[in-house]
Amino acid sequence: MNMLDTVILIIPRGYYQIFEPHRFTPSSTILSGAGNYLVKCVNNPTATDKQDGIYRPRLTLMKRMTKNGIDIPLKIEFSVAKMLYGNNVDEVEEKDFEQVVKALGKAMYAMGVMVFSKDIKEAKVSAFHPSKNIELTSGYTSSFVITELNKIDVSKKMDLNKDSFRNNGQSLQFYTNSHSLVIYDKVQDLKKPDKRAMDKDQNSLQMSLFEKVAVQEKRQILRIEARLAKKVKLNSIFQHLGIKENPTFADIFKKDVCQKVLLNYWQKLITGRNLFLFEVGNNPKKMLDKVFKNRPDIKPKDAIYLVGLWTLSKEGIRDTRAIVERYATPRTWYRIADDLKFLDEISGKTYHDWVRQVDDAIKGFEPYRLSKQGMSPK
């Protein structure tokens with residue numbers, strides 16, 4: 001199970017020690033004086049680290065006022081899988097927790113910061129990204145699956161700020177400031193520069209995987225990632241799923257927690273919406289006959305309307321919605337959307353096999369490892 005990738009931990013002042021303040025920019029000594037509340041001191045991996053395939057976290061210090069006085073928390077942002085394996089194609093599992101904590105502590109020590117293992121485990125989580133790498137089979141490509149998923153209709157709340165379908169079907173993102181669902185072609189993403197990649201933290205070891213995975217083995221790896229970027233949203237999701245709020249690092253490093261979160265996004269945004277889009281068949285005449293059989297009293301004009309809606313939807317519900325809303329109010333679309341439920345009800349449920357593959361992978365949540373395929377991540 002790739003339980004999780006990116007995690008942001010918060011260590012309060014007094015639970016870490018900085019013995020090389022000059023490694024921060026500006027030097028963290030600036031925060032010891034009066035004021036300087038807007039000064040941010042960062043200690044990030046260097047260009048040399050990336051070139052040498054050395055993975056390190058991003059460390060940030062910033063003074064703030066709390067109800068208990070002044071605090072200077074240490075923010076630690078890192079990829080769990082990269083911390084352990086140097087890449088996030090290989091996936092971690094619960095038994096790797098102690099190794100991850102040890103590796104993180106060692107990496108921070110090399111950056112001039114010491115945090116005890118106990119305090120890493122008990123650190124509060126402000127953001128994290130549960131995710132899953134899924135190797136597609138039966139001739140399906142990541143690009144095909146992403147293009148199909150781009151047809152679905154999602155809440156306007158997810159579309160409000162940014163909705164991206166990039167690079168000819170290589171990535172799809174349903175986004176708000178507090179959370180997002182990202183689906184992308186992991187193999188193609190490995191070779192992109194940081195500015196264009198969905199994974200913004202590539203290094204030489206990560207990028208070297210591309211030659212083996214893409215060129216030699218021609219694997220199709222679909223990446224699905226729920227990004228809980230804000231603590232308030234994280235707690236809201238956890239409350240909805242019956243998971244303890246305000247989690248520590250140890251609390252989220254569990255299969256059932258990460259699986260529940262990712263499965264919730266997959267079912268709520270994807271499989272819970274208009275699965276008829278992914279049916280293998282595409283015959284309007286057969287659909288017209290099915291409409292009459294399921295609604296014997298329907299008028300021919302209304303039946304033809306439903307077939308037209310079905311045909312347009314198969315091309316993309318969100319595109320159809322966008323056109324309708326140019327000429328009518330959003331309420332008009334919501335009335336039309338009720339008819340999509342009927343089309344779902346009468347669908348033949350014979351979906352493309354990639355739907356089952358992805359669904360099974362998330363429900364099974366078994367770890368994907370390149371090393372298990374005869375390739376070592378080291």
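Just above, that's the structure.
Presented here is a report on the structure given in the accompanying data block. (Residues numbered from 1 in each chain as written. Predicted model: local features only at pLDDT ≥ 70, side-chain atom pairs only at ≥ 80, totals over all residues. Heavy atoms only, no water.)

Remarks on the overall build of the chain
- Of regular secondary structure, the chain possesses 16 helices and 14 strands.
- Out of the 378 residues in the chain, the part that is buried amounts to 51%. (Helix = DSSP H or I, 4+ residues; strand = E, 2+ residues; numbered from the N terminus. Buried < 20%, exposed > 50% of the residue type's maximum accessible area, 1.4 Å probe, protein only.)

Considerations on the side chain of asparagine 133
- Assignment of secondary structure puts asparagine 133 in strand β10 (residues 131–135).
- Among the residues examined, asparagine 133 registers a relative accessible area of 2% and is labelled buried.
- From its side chain, asparagine 133 meets the backbone oxygen of valine 89 in a polar contact 2.9 Å long. (Polar contact = N/O pair within 3.5 Å; in protein donor to acceptor, adjacent residues only side chain to side chain.)

A short note on helix α5 (residues 142–149)
- Within α5 the residues assigned to the buried category are Ser142, Val145, Ile146, Glu148 and Leu149. With its buried residues spanning 160° around the axis, α5 presents them on a single face. (Arc of directions from axis to C-beta.)

So, the nonpolar core
- Ranked by size, the top nonpolar core spans 94 residues in total, and within it Leu9, Phe78, Phe128, Ile224 and Phe249 carry the most contacts.
- Ranked by residue count, the leading element in this core is helix α11 (residues 255–271), at 9 residues.
- Excluding anything up to four places from it in sequence, phenylalanine 128 contacts Leu4, Thr6, Val7, Ala226, Arg227, Leu228, Leu234, Phe238, Ile252, Cys258 and Val261.
- Counting residues in hydrophobic clusters, the runner-up holds 6 residues, among them Val89, Val187, Tyr368 and Leu370. (Core = buried A, V, L, I, M, F, W, Y, C linked by side-chain atoms within 4.5 Å. Contact = heavy atoms within 4.5 Å.)

Side note on the packing of aromatic side chains
- Applying the stated criterion to the full structure yields 8 aromatic pairs.
- Here phenylalanine 97 and phenylalanine 253 contribute two aromatic rings whose centre-to-centre distance is 4.9 Å and whose plane-to-plane angle is 45°, an arrangement assigned as tilted. Of this pair, phenylalanine 97 sits in helix α3 (residues 97–110) while phenylalanine 253 sits in the loop between α10 (249–252) and α11, and the two are 156 residues apart along the sequence. Each member of the pair, phenylalanine 97 as well as phenylalanine 253, carries the same accessibility label: buried.
- Grouped by ring-pair contacts, the aromatic residues Phe78, Phe97, Phe249 and Phe253 constitute a single cluster.
- Across from the ring centre of tyrosine 37, 5.6 Å away, lies the NZ or CZ of lysine 63, which sits over that ring.
- A cation over an aromatic ring shows up here: arginine 295 above the ring of phenylalanine 342, its NZ or CZ 3.8 Å from the ring centre. (Phe/Tyr/Trp six-rings, centres within 6.5 Å; stacked < 30°, edge-to-face > 60°. Lys NZ or Arg CZ within 6 Å of the ring centre and 35° of its normal.)

Observations regarding unusual backbone geometry
- Cis geometry is found at the peptide bond from threonine 25 to proline 26, where omega equals -10°.
- Secondary-structure assignment places proline 26 in the loop between β2 (17–18) and β3 (40–43).
- Look at asparagine 36: it is not a glycine, yet its phi comes out positive at around 60°.
- Summarising the element assignment, asparagine 36 is placed in the loop between β2 and β3.
- Look at lysine 349: it is not a glycine, yet its phi comes out positive at around 60°.

Digging into the environment of aspartate 153
- The residue aspartate 153 is located in the loop between α5 and α6 (156–159) in this model.
- For aspartate 153, a relative accessible area of 6% puts it in the buried group.
- When the C-alpha positions of aspartate 153 and arginine 273 are compared, they lie 7.3 Å apart, and in sequence the two are 120 residues distant.
- Here aspartate 153 is in contact with Arg273, Asn274, Ile317, Arg318, Arg321 and Trp333, once residues within four sequence places are set aside.
- At a separation of 2.8 Å, a polar atom in the side chain of aspartate 153 contacts the side chain of arginine 321.
- A polar side-chain atom of aspartate 153 sits 3.5 Å from a polar atom in the side chain of tryptophan 333.

Some words on the side chain of aspartate 339
- Relative to the assigned elements, aspartate 339 resides in helix α15 (residues 330–345).
- This buried residue, aspartate 339, is left without a salt bridge; arginine 295 holds the nearest opposite charge, at 4.5 Å.
- The contact partners of aspartate 339, leaving out residues within four places of it in the chain, are Tyr305, Leu306 and Leu309. (Lys, Arg positive; Asp, Glu negative; His and termini not counted. Salt bridge = Lys/Arg side-chain N within 4 Å of Asp/Glu carboxyl O.)

Regarding the pattern of salt bridges
- A complete count under the given rule lists 22 salt bridges for this structure.
- Residue lysine 363 pairs with aspartate 359 through a salt bridge whose shortest N-O separation is 2.9 Å. Of the two residues, lysine 363 and aspartate 359 are both situated in helix α16 (residues 353–364); the distance of 4 residues between them amounts to about one turn of the helix.
- Of the residues examined, lysine 363 reaches a relative accessible area of 46% and is grouped as partly exposed.
- In this structure aspartate 359 comes out as buried when scored by relative accessible area, which is 16%.
- Through salt bridges with shared partners, one network takes in Asp5, Arg223, Glu225 and Arg227.

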